[in-house]
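Next come the chains, spelled out residue by residue.
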Amino acid sequence: MCRFTVFPVRVKAEYMKIRQTHEAIAKKTFSFLELTQDRLKLAKENKHQEYITVCADLALSAATKADAVFQKEGVQAFVRNPILGIPLAIKDLILIRNIRNTCGSKLLDNYVAPYSASVIQQLEGAGAVFIGKTNLDEFGMGSSNENSPYGSVSIPGFPERVAGGSSGGSAAAVKSGSCDAALGTDTGGSIRLPSSFCGIVGIKPTYGRVSRYGQVAYASSLDQIGPMARTVEDAGLLLDLITGHDFKDSTSIPMPPTRCAAASALMTEWSKIRLGVPEEYFKSGLHPDVEKPIRQALTWAEKQGAKLVPVQLPHSEYGVAVYYLIAVSEASSNLARFDSVRYGQRKVLAEDVRDLSTFYEINRSQLGEEVKKRILLGTFALSAGYSEAYFKRACQVRRKIKEDFDRVFNTVDFIVGPVSSTVAFKKGEKTQDPLQMYLNDIFTVPANLAGLPAMSLPCGQDSNGLSVGLQLIGPAFSEEFMVSLAAGFEKGIEGVR
Ligand code: GLN
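Residues numbered from 1 in each chain as written. Predicted model: local features only at pLDDT ≥ 70, side-chain atom pairs only at ≥ 80, totals over all residues. Heavy atoms only, no water.

*Asks:* I keep staring at the nonpolar core and nothing clicks. Help me out?
*Replies:* By size, the foremost hydrophobic cluster in this structure holds 151 residues, and its most contacted members are Ile83, Leu88, Phe139, Leu183, Phe405 and Phe489. When neighbours within four sequence positions are excluded, Ile83 is seen to be in contact with Ile18, His22, Leu88, Leu123, Ala126, Gly127, Ala128, Leu237, Leu238 and Leu241. (Core = buried A, V, L, I, M, F, W, Y, C linked by side-chain atoms within 4.5 Å. Buried < 20%, exposed > 50% of the residue type's maximum accessible area, 1.4 Å probe, protein only. Contact = heavy atoms within 4.5 Å.)

Have a look at this one:
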């Protein structure tokens, strides 16, 4: 019996929280299966190039199971499993067993994951529904999603604008309503930048807070998986389900899961909050369309009683240079495994070529230009005679960047600023100018270099309706406090708009 046509579910997706979806299920407004069918319909249309693979069979069977659990247990099932039956999209470098995993690379076009990442197992255990694998810059390398051979993702409603990278597919999927929340990864801003461009919420957790077992590595000292959602509460809820210690990841911190969903419901005690406003984040390069809503949000917080404290992060100006040395060095090592022997599809077979280097050359030429460039740069930065001058020096400056944060967090609770100096740019605008492209990451990479939690939340729009994201950066393991503060901002910003 179909009690509901497909269309209204989609319309509601614009504002429905996960909790509200459960309320609608409880009222039998629609079933999980109907909800999933609706999301799948949009995902298959792939209007914004946000998906690489849609996993309809997996999704439909999980939705049917979720309906059965609800039938048996009623609303109690939602208390136990707050994500039960909720359609999620997963960045295509987080493995789901038996589903194709391309990492946005033609080299892995036919690679099928033999096991699921720990985060996927956690979510699967909680009854989540996986709609599909989302588009990304190849191996996570990019800021605009234009480095993907599977199409360049656009912002829903703005076909000519980049969705941001590298988790642009996840951001566009959340925004378009083809899923209810998503997972992305953030090595230097890849959750926060697309979240900011697409007007959604994205959290990069503290380094070590979320297991990366089953996440294909880009730069191992920086990568973190995190949630992307339409509201702070939903992002917090998803984070709660993917945090916790995992012995399969040696960098996983032995701490219990976060309780961010609960934290998002707390009243913000604004008078007790000290917000650090870094001078370096409000310099001349910041576009007035971005600066205005951020300043408005800060003024609003001050009116609620928060104390705004000007702070300095003097080494943050080296962030992009340091990041692009460390990230490419680690990438050159991590990506060596894609040799078309152990991983990667073969364009030529070993017996058809003269020697091993020809075999590698032809097969690895399937990698995109940006990835090749970074492997070469990274190999150079690590090579004998140069590693002291480049890699080691970068690691030393990284420590200075971290020390800036440590000092600032002695006097403030959070740092507040922009995610990006501009709103989403036009496709093609920066592809010929790598420096301009890398400079997009100027406000996001410091948190990765220091291993700190940070998030983006919608803060307003420019005159064209393009979103501006507000960034919060907190001390290590401050996710709960950060989410409760973000929820306070979210309520306030809604009121101001
Ligand atoms: N834009 C950055 C890069 O290209 C960050 C990417 C990411 O966080 N995965 O490396």
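After that view of the structure, there is still more to cover.
*Asks:* Is there a simple way to think about the environment of Glu479 in this case?
*Replies:* Structurally, Glu479 is set in helix α18 (residues 479-496). According to the relative accessible area criterion, Glu479 is buried, its value standing at 0%. Taking the C-alpha atoms as reference points, Glu479 and Gly465, 14 residues apart in sequence, are found 30 Å from one another. Among residues more than four places away in sequence, those in contact with Glu479 are Pro205, Thr206, Arg209, Leu239, Thr258, Cys260 and Pro453. Side-chain polar atoms of Glu479 contact the backbone nitrogen of Thr206, separated by 2.7 Å. (Helix = DSSP H or I, 4+ residues; strand = E, 2+ residues; numbered from the N terminus. Polar contact = N/O pair within 3.5 Å; in protein donor to acceptor, adjacent residues only side chain to side chain.)

*Asks:* Help me understand a nonpolar patch on the surface, please; the structure alone is not making it clear to me.
*Replies:* A contiguous nonpolar surface patch, about 270 Å² in accessible area, is contributed by Val341, Leu356 and Tyr360. By the secondary structure assignment, Leu356 is in helix α13 (residues 356-364). (Patch = residues over 30% accessible without salt bridge, like charges linked within 9 Å, V, L, I, M, F, W, Y side chains within 5 Å. Areas by Shrake-Rupley, 256 points an atom, 1.4 Å probe, with all protein chains shown as cover. Salt bridge = Lys/Arg side-chain N within 4 Å of Asp/Glu carboxyl O.)

*Asks:* For this particular structure, what's the right way to read the pairing of strand β12 (residues 454-461)?
*Replies:* Note on strand geometry: in a regular strand, side chains alternate between the two faces of the sheet. Counting buried positions along β12 yields seven of eight residues, so the element is predominantly enclosed. Note: strand β7 (residues 201-204) against β12, three bridges, orientation antiparallel. When the sheet's bridge partners are listed, Lys204 is paired in β12 with Ala454. Relative to strand β13 (residues 467-473), β12 runs antiparallel, the two being bridged by seven bridges. Opposite Gly460, over in β13, you have Val468 as the bridge partner. Hairpin connection, β12 to β13: the antiparallel pair is bridged by five residues, and Gly465 has positive phi, about 90 degrees. (Pairing = 2+ DSSP bridges.)

*Asks:* What am I meant to see in the pairing of strand β5 (residues 158-162) here?
*Replies:* With two bridges joining them, strand β4 (residues 154-155) and β5 adopt antiparallel strand pairing. What sits directly across from Ile155, in β5, is Phe158.

*Asks:* Help me understand the environment of Ala486 in this model?
*Replies:* The residue Ala486 is located in helix α18 in this model. Ala486 has contacts with Val232, Met455, Leu457 and Leu472, leaving out every residue within four places of it along the chain.

*Asks:* Could you clarify how one ought to interpret the site of the ligand in this entry?
*Replies:* The local shell around the ligand holds 15 residues, among which Thr187, Gly188, Ser190, Tyr218 and Tyr323 are the closest. Contacts to the ligand include Gly142, whose backbone N or O atom sits 2.8 Å from an oxygen atom. Contacts to the ligand include Ser143, whose side-chain N or O atom sits 2.8 Å from a nitrogen atom. With the chains in place, 100% of the 290 Å² that the ligand exposes on its own is no longer accessible. (Near = heavy atom within 4 Å.)

*Asks:* So what exactly am I meant to see when it comes to the sheet that holds β12 here?
*Replies:* Backbone-to-backbone hydrogen bonds join strands into a sheet, with any given pair of strands oriented parallel or antiparallel. With mixed pairing, 11 strands are arranged side by side in an open sheet as β1-β3-β2-β6-β8-β7-β12-β13-β11-β9-β10. At either end of the open sheet lies a strand with only one pairing partner, and these are β1 (51-54) and β10 (307-311). Strand-to-strand twist of the sheet, defined as the mean angle between neighbouring strand axes without regard to direction, takes the value 30 degrees. Across two bridges, strand β9 (residues 274-278) lies against strand β11 (residues 414-418) in parallel orientation. Across the sheet, Gly276 pairs through a bridge with Ile415, a residue of β11. Along the sheet, helix α3 (residues 32-45) makes contact with β1, β2 (87-91) and β3 (129-134), crossing β3 at roughly 10 degrees. (Axes fitted to C-alpha atoms, helices over the stretch in contact; angles between N-to-C directions.)

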